[in-house]
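Fold and geometry: a report
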Amino acid sequence: AGLGGCPYAPGASGNVATQDVVDLIEAAGIRTGVDLDRLVDATQWLQEDVLARPLPGRVFRARLGERARATAQDA
């Protein structure tokens with residue numbers, strides 16, 4: 001989810017988001033065994049219920065957008 005960061009670099013945004021790494025590895029044709037949808041669910045829980053702040057992961061943000069569009073189309 002891009003958590004972490006360097007305590008010696010003020011404003012450091014954090015580490016690489018796990019879901020971005022999983023997506024990159026899978027796109028390279030290497031199976032990770034990670035369920036990306038469940039990882040996105042866990043990240044959403046972290047964002048909303050634990051940290052109460054936006055998380056920066058590219059894949060996370062894209063998947064949330066896909067979900068919102070799908071929900072809007074179903075309504």
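Our subject is the structure listed above.
A brief look at the structure comes next. A quick note: this is a predicted structure, and the numbers were derived from the prediction, not measured. (Residues numbered from 1 in each chain as written. Predicted model: local features only at pLDDT ≥ 70, side-chain atom pairs only at ≥ 80, totals over all residues. Heavy atoms only, no water.)

For the pair helix α2 (residues 36-51) and helix α3 (residues 58-74), the least separation of the axes is 10 Å and the interaxial angle reads 95°. Between α2 and α3, the angle is such that the two are roughly perpendicular. Of the residues in α3, those in contact with Leu36, Asp37, Val40, Asp41, Thr43, Gln44 and Gln47 of α2 are Val59, Phe60, Arg61, Arg63, Leu64 and Arg67. Classifying every residue of the contact of α2 with α3 gives 5 nonpolar, 3 polar and 5 charged. (Axes fitted to C-alpha atoms, helices over the stretch in contact; angles between N-to-C directions. Helix = DSSP H or I, 4+ residues; strand = E, 2+ residues; numbered from the N terminus. Parallel < 35°, antiparallel > 145°, perpendicular 65-115°, else oblique. Contact = heavy atoms within 4.5 Å. Nonpolar A, V, L, I, M, F, W, Y, C, P; charged D, E, K, R; others polar.)

A few words now on the pattern of salt bridges. Side chains that differ in sign of charge can pair as their charged atoms come close. Counted according to the given criterion, the structure contains 3 salt bridges. Between Arg58 and Asp23 there is a salt bridge, with its nearest N and O atoms 3.3 Å apart. A residue pair is termed long-range when its members are at least 10 positions apart, and Arg58 in helix α3 and Asp23 in helix α1 (residues 18-27) qualify at 35 residues. Judged by its relative accessible area of 52%, Arg58 is exposed. Residue Asp23 is classed as partly exposed on the basis of its relative accessible area, which comes to 25%. (Salt bridge = Lys/Arg side-chain N within 4 Å of Asp/Glu carboxyl O. Buried < 20%, exposed > 50% of the residue type's maximum accessible area, 1.4 Å probe, protein only.)

It is worth spelling out the environment of Ala52 at this point. Following the sequence through the fold, Ala52 ends up in the loop between α2 and α3. A relative accessible area of 66% means that Ala52 is categorised as exposed.

Here the focus is a nonpolar patch on the surface. A surface patch of nonpolar side chains, about 330 Å² in accessible area, is lined by Val16, Val21, Ile25 and Ile30. For Val16, the position within the fold is in the segment before α1. (Patch = residues over 30% accessible without salt bridge, like charges linked within 9 Å, V, L, I, M, F, W, Y side chains within 5 Å. Areas by Shrake-Rupley, 256 points an atom, 1.4 Å probe, with all protein chains shown as cover.)

Glancing now at α2. Among all positions in α2, only Leu36, Leu39, Val40, Thr43 and Gln47 are buried. Two to three positions downstream of the cap, the backbone nitrogen of Asp37 sits 3.1 Å from a side-chain oxygen, assigning the N-cap of α2 to Asp35. Residue Ala52 follows α2 closely and has a positive phi angle near 55°. (Polar contact = N/O pair within 3.5 Å; in protein donor to acceptor, adjacent residues only side chain to side chain.)

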